Amino acid sequence: MTVDNALAQVETNGFVDVLVDPSLDLFEEIRKLKKEKNAVILAHYYQEPDIQDIADYIGDSLGLAQNAAGTEADMIVFAGVHFMAETAKILNPSKKVILPDLKAGCSLSDSCPPPLFKAFKDKHPDHLVISYINCSSGIKALSDIICTSSNAQQIVESLPVDQKIIFAPDKNLGGYINKKTGRSMLLWNGACMVHELFSLEKITRLKLRHPEAKLLAHPECEEPILRIADFIGSTTQILKYSQADTASTYIVATETGILHQMQKNAPNKTFIAAPPDNACACNDCPHMKLNTLEKIYLAMKYELPEIKMDENIRLAAKKPIDRMLKLSRQFGLV
Ligand code: 13P
Ligand code: SF4
């Protein structure tokens with residue numbers, strides 16, 4: 001196969017089975033490529049530790065969107081999943097946005113296909129649509145405001161109490177916000193495959209074994225887990241809480257990638273990944289964990305695979321994201 005043919009395949013398949021010279025110091029190579037190409041690496045907390053360590057910015061979905069909107073770099077390398085890289089492209093169409101593995105999707109985003117959602121929305125013409133950022137550009141284009149787990153409550157509370165609202169796609173986050181705000185938003189029946197896995201029974205047993213431990217949970221978790229949590233928040237909020245709080249031990253009910261920063265920021269504290277209800281006791285996100293240092297190196301070197309999108313969808317999807325960014329500035333979430 002010619003190099004051109006191989007690179008053309010990367011556009012659809014990503015860097016599958018490509019061997020990288022094992023003698024290369026990938027940290028050094030990636031650093032060189034960053035300089036050479038004026039590139040920035042934005043990483044989510046669910047990435048593997050090496051990727052977090054090489055990133056220029058690590059954050060939750062709001063922080064990543066804000067950073068993508070303001071970057072001066074020519075190339076944005078997104079160490080995260082597709083909807084995050086797509087959001088960066090929506091906000092920054094003139095930049096090259098690279099996602100090291102195009103197959104890094106999101107079960108929550110997949111649970112809300114635009115044609116089905118459009119039919120649902122059409123049945124409720126008097127409702128305003130708030131969509132969690134974990135959705136495709138097609139869903140964003142059908143929405144009035146985007147939110148993340150760190151600003152969802154404030155965004156809902158900024159609307160008149162009698163405003164009818166559809167909340168999509170996460171029923172768990174939506175249910176949590178309904179409870180916090182006393183609203184009764186109509187919820188799309190979507191969920192995250194990682195956050196739905198936590199076992200109430202195993203967490204309860206773990207709490208009995210570690211009575212000093214506090215349970216930190218992401219609002220994508222199901223209601224029974226949220227009910228027993230000591231703190232609920234976005235990844236950044238959970239991280240900040242674990243640093244500022246005085247407890248010595250925490251059970252963490254979100255994807256395990258976050259433990260790397262928690263442990264780095266509070267080396268004397270103990271962080272235990274909350275046990276899921278599966279045989280392998282694994283709560284890694286299979287999409288997030290598709291990214292590797294090798295793929296990041298190759299993606300930066302060949303500037304592939306690149307996020308591309310229809311301009312009409314991009315413009316329609318940008319409006320509700322801009323609204324979220326404006327509201328977040330008003331709330332002081334910068
Ligand atoms: P946040 O980092 O915004 O809390 O989102 C978590 C998540 O599931 C991202 O996919
Ligand atoms: Fe999607 Fe869940 Fe993975 Fe986040 S952790 S990317 S919501 S599947």
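Definitions and limits used
- Along each chain, numbering runs from 1 in the same order as the chain's sequence is written.
- Note on labels: chains are lettered from A, ligands numbered from 1, in written order.
- Confidence filtering applies because this is a predicted model: local features only for residues at pLDDT of at least 70, side-chain atom pairs given and counted only at 80 or more, and all residues used for totals across whole chains, interfaces and linings.
- Remark: hydrogens and water are excluded; side-chain values derive from all non-hydrogen atoms of the structure.
- Only DSSP runs of H or I reaching four residues or more are called helices, and only runs of E reaching two or more are called strands; each is numbered from the N terminus.
- Between the two quantities, the radius of gyration covers C-alpha atoms and the globule rule is 2.2 Å times the number of residues to the power 0.38.
- In this description, contact between two residues means that some pair of their heavy atoms is separated by no more than 4.5 Å.
- For every accessible area listed, the method is Shrake-Rupley and the probe measures 1.4 Å; residues are considered covered only by the protein chains on display.
- Under the counting rule used here, the positive set is Lys and Arg, the negative set is Asp and Glu, and His together with the chain ends is not counted.
- To locate a charge, the coordinates of NZ of Lys, CZ of Arg, CG of Asp or CD of Glu are taken.
- Fitted lines through C-alpha atoms serve as axes, helices being fitted only where they are in contact, and the angles separating the N-to-C directions of these axes extend from 0 to 180 degrees.
- Put simply, a crossing is left-handed when the front helix is turned counterclockwise from the back one by less than a right angle, and right-handed when it is turned clockwise.
- For cavity detection a 1 Å grid was placed over the protein atoms alone, and a set of points counts as a cavity when a 1.4 Å probe fits there but cannot get out; an open set counts as a pocket when protein lies on both sides within 12 Å along at least five of seven lines, with lining residues being those that have an atom within 4 Å of a point.
- Grid points are joined across faces, edges and corners, and a volume is the space filled by probe spheres set on the points.
- In the scheme used here, Gly and all other residues not listed as nonpolar or charged are polar, with Ala, Val, Leu, Ile, Met, Phe, Trp, Tyr, Cys and Pro taken as nonpolar and Asp, Glu, Lys and Arg as charged.
- Using a 1.4 Å probe on the protein chains alone, a residue whose accessible area is under 20% of its type maximum counts as buried, one over 50% counts as exposed, and one in between counts as partly exposed.
- By this definition, two strands are paired if DSSP reports at least two bridges between them.
- Convention used here: a crossover is right-handed provided that the path from the first strand, over the helix, to the second strand proceeds clockwise when the strands point away from the viewer.
- Centres within 6.5 Å make a pair out of two Phe, Tyr or Trp rings, where for Trp the six-membered ring is used; the pair is then stacked when the planes are under 30 degrees apart, edge-to-face when over 60, and tilted otherwise.
- Think of it this way: one heavy atom of a residue within 4 Å of a molecule or strand is enough to make that residue near it.
- Think of it this way: if more than half of a molecule's atoms are within 2 Å of a pocket's grid points, that molecule is in the pocket or cavity.

K.L.:
Give me the overall build of the protein chain: which residues, what numbers.
P.N.:
Scanning the protein chain for helices and strands turns up 16 helices and twelve strands. Relative to a compact globule of 334 residues, whose C-alpha radius of gyration would be 20 Å, the protein chain shows 20 Å and is just as compact. Along the three orthogonal principal directions, the C-alpha set of the protein chain runs to about 60 × 50 × 35 Å. Looking at the protein chain alone, contacts between residues at least 24 apart form 66% of all its contacts between residues at least 6 apart. For the protein chain, the exposed area adds up to about 14,700 Å²; of that, 53% sits on carbon and sulfur atoms. Distance between charge centres in the protein chain, computed from 37 positive and 41 negative side chains, equals 5 Å.

K.L.:
Lay out the packing of helix α4 (residues 61-70) against helix α5 (residues 82-91) in plain terms, naming residues and giving numbers.
P.N.:
Put simply, α4 and α5 touch, their axes get as near as 9 Å, and they point 35° apart. As for the relative orientation of α4 and α5, their crossing is right-handed in sense. Between α4 and α5, the contacting residues are Ser61, Leu64, Ala65, Ala68 and Ala69 on the first element and Met84, Thr87, Ala88 and Leu91 on the second.

K.L.:
Break down empty space enclosed by the protein for me, with residues and values.
P.N.:
In total, this model carries two cavities of 30 Å³ or more according to the counting rule given. Of the voids in this model, the largest cavity is the one considered here, and its volume is about 230 Å³. There is about 50 Å³ of room inside the second largest cavity. If you trace the second largest cavity, you find it lined by Ser61, Leu64, Ala65, Ala68, Phe78, Phe83, Met84, Thr87, Ala88 and Ile133. Of all the secondary-structure elements, those providing two or more residues to the lining of the second largest cavity are α4 and α5. Its residues assigned to classes, the lining of the second largest cavity shows eight nonpolar, two polar and no charged.

K.L.:
Residues and numbers for the pairing of strand β7 (residues 165-168), please.
P.N.:
Both faces of the sheet carry side chains from a regular strand, because those side chains alternate between them. Judged by which residues are buried, β7 turns out to be covered on both faces: Ile165 and Phe167 on one side and Ile166 and Ala168 on the other are all buried. Strand direction decides the pairing type here: strand β5 (residues 128-132) and β7, joined by four bridges, are parallel. Paired with leucine 128 across the strands is isoleucine 165, a residue of β7. Two elements, β7 and strand β8 (residues 186-187), share two bridges in a ladder whose sense is parallel. Among the inter-strand pairings, isoleucine 166 is bridged to a residue of β8, identified as leucine 186. Regarding topology, helix α10 (residues 171-181) serves as the crossover connection from β7 to the parallel β8, and that connection is right-handed.

K.L.:
Hey, could you go over the packing of aromatic side chains for me, with residue numbers and the actual values?
P.N.:
By the definition in use, this model includes five aromatic pairs. Each ring, one from phenylalanine 117 and one from phenylalanine 120, has its centre 6.2 Å from the other, and the planes form 40°; the classification is tilted. Of this pair, phenylalanine 117 and phenylalanine 120 both sit in helix α7 (residues 114-122), separated by three residues, roughly a single helical turn. Taken individually, phenylalanine 117 and phenylalanine 120 each receive the classification buried, so the pair is uniform in this respect. Three or more aromatic residues joined by ring pairs form one cluster here, namely Phe117, Phe120 and Trp188.

K.L.:
If you had to explain the site of ligand 2 to someone new, which residues and values would you point to?
P.N.:
In the vicinity of ligand 2, the contacting residues are Tyr46, Val81, Cys106, Ser107, Asn134, Cys192, Val194, Glu220, Cys285, His287 and Met288. When atom positions are compared with the pocket grids, ligand 2 is found to occupy the largest cavity. Residue composition of the shell around ligand 2, by class: seven nonpolar, three polar and one charged.

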